[in-house]
Amino acid sequence: MTFEVGDKVVYPNQGVGTIENISSRSFGAQFEKFYLLRLVYSSMTVMVPFSNVDTIGLRKVTRNAEITRVLAFLSSGNCHLHGDWKSRFKENSEKMLTGSLLNVAEVLKGLLLLQIEKPLSFREKKMLDRARYLLVTELAMSKNIEEVEIEDLLNKALSKSKLKFPEVTADA
């Protein structure tokens, strides 16, 4: 997949960014082209080699069809939860790294369901915060609306599953 300067893209597990520049660098006798990506919410810049775009999972910001699927899943989709903390955390971490918005929604919903049964561990709380952040920021960017409107939209979807969208925690 190729991008142009100004494109809004998603860097899996990091968030939405803008392609600010395309440049080349030499490493010995080899040249490598890079995307210079500025992450929107942290203002951090990342250089992504063209050769690693697919491996990393860099992709354009999602469109309406995927948003509809995410909202439908949050409203009525089923979650499979591992009882074993290590297995659950590993599976959730892998889902977050795929960059798929639907996978991020699965992590969010699964952790919300688990939170009803028992308190989340520190690492799972952080993952829930991260999933929340990734969903809200990408949907806000995709639909070009304020994050608070996206939070309301996600909360309405989750309420159909008798869940509540998580608040932002102080250390997020």
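Right, let's walk through the structure included here. Note that the coordinates shown come from a computational prediction; the quantities given were computed from them, not determined experimentally.

Sheet topology note: the strand S1 (residues 8-11)/strand S2 (residues 15-27) ladder contains four bridges and is antiparallel. In the strand pairing of S2, Tyr11 is matched with Gly15. Connecting S1 to the next strand, S2, in antiparallel fashion are three residues, including Asn13 with a positive phi near 65 degrees. By the bridge criterion, ten bridges tie S2 to strand S3 (residues 30-39) in an arrangement that is antiparallel. Of the residues in S3, the one forming a bridge with Asn21 is Leu36.

Strand pairs in the sheet, formed through backbone hydrogen bonds, run parallel or antiparallel to each other. Read from one edge to the other, the open sheet built from five strands follows the order S4-S3-S2-S1-S5, with strand pairing classed as antiparallel. Each end of this open sheet is capped by a strand with a single partner; those strands are strand S4 (45-49) and strand S5 (59-60). Along the sheet, helix H5 (residues 122-143) contacts S1, S2 and S5; its crossing angle with S2, the most-contacted strand, is approximately 90 degrees.

Let's shift gears to the packing of aromatic side chains. Following the criterion strictly, the structure yields four aromatic pairs and no others. Consider the rings of Phe3 and Tyr35, whose centres lie 5.4 Å apart with planes at 70 degrees: the pair is edge-to-face. One end of the pair, Phe3, is in the segment before S1; the other, Tyr35, is in strand S3, and 32 residues separate them in sequence. An identical accessibility class is assigned to Phe3 and Tyr35; each is buried. On the basis of an interplanar angle of 85 degrees and a centroid distance of 6.1 Å, the ring pair of Tyr41 and Tyr133 is categorised as edge-to-face. Placement of Tyr41 in the loop between S3 and S4 and of Tyr133 in helix H5 is noted, with a sequence separation of 92 residues between them.

Counted along the chain from S2 to the antiparallel partner S3, the turn is two residues long, and its residue Gly28 has a positive phi close to 65 degrees. In this structure, S3 lies alongside S4, joined through five bridges in antiparallel fashion. The residue bridging Leu37 from the neighbouring strand is Val46, located in S4. Hairpin connection, S3 to S4: the antiparallel pair is bridged by five residues, and Ser43 has positive phi, about 60 degrees.

For Ser75, the location among the structural elements is in helix H2 (residues 64-76). Taking the relative accessible area as the measure of exposure, Ser75 reaches 15% and is therefore buried. Among the polar contacts made by the side chain of Ser75, one reaches the main-chain carbonyl oxygen of Leu71 at a distance of 2.9 Å. Not counting residues within four places of it along the chain, the set of residues in contact with Ser75 comprises Lys109, Ala157, Lys160 and Ser161.

Basis of the calculations
Residues numbered from 1 in each chain as written. Predicted model: local features only at pLDDT ≥ 70, side-chain atom pairs only at ≥ 80, totals over all residues. Heavy atoms only, no water. Pairing = 2+ DSSP bridges. Helix = DSSP H or I, 4+ residues; strand = E, 2+ residues; numbered from the N terminus. Contact = heavy atoms within 4.5 Å. Axes fitted to C-alpha atoms, helices over the stretch in contact; angles between N-to-C directions. Phe/Tyr/Trp six-rings, centres within 6.5 Å; stacked < 30°, edge-to-face > 60°. Buried < 20%, exposed > 50% of the residue type's maximum accessible area, 1.4 Å probe, protein only. Polar contact = N/O pair within 3.5 Å; in protein donor to acceptor, adjacent residues only side chain to side chain.

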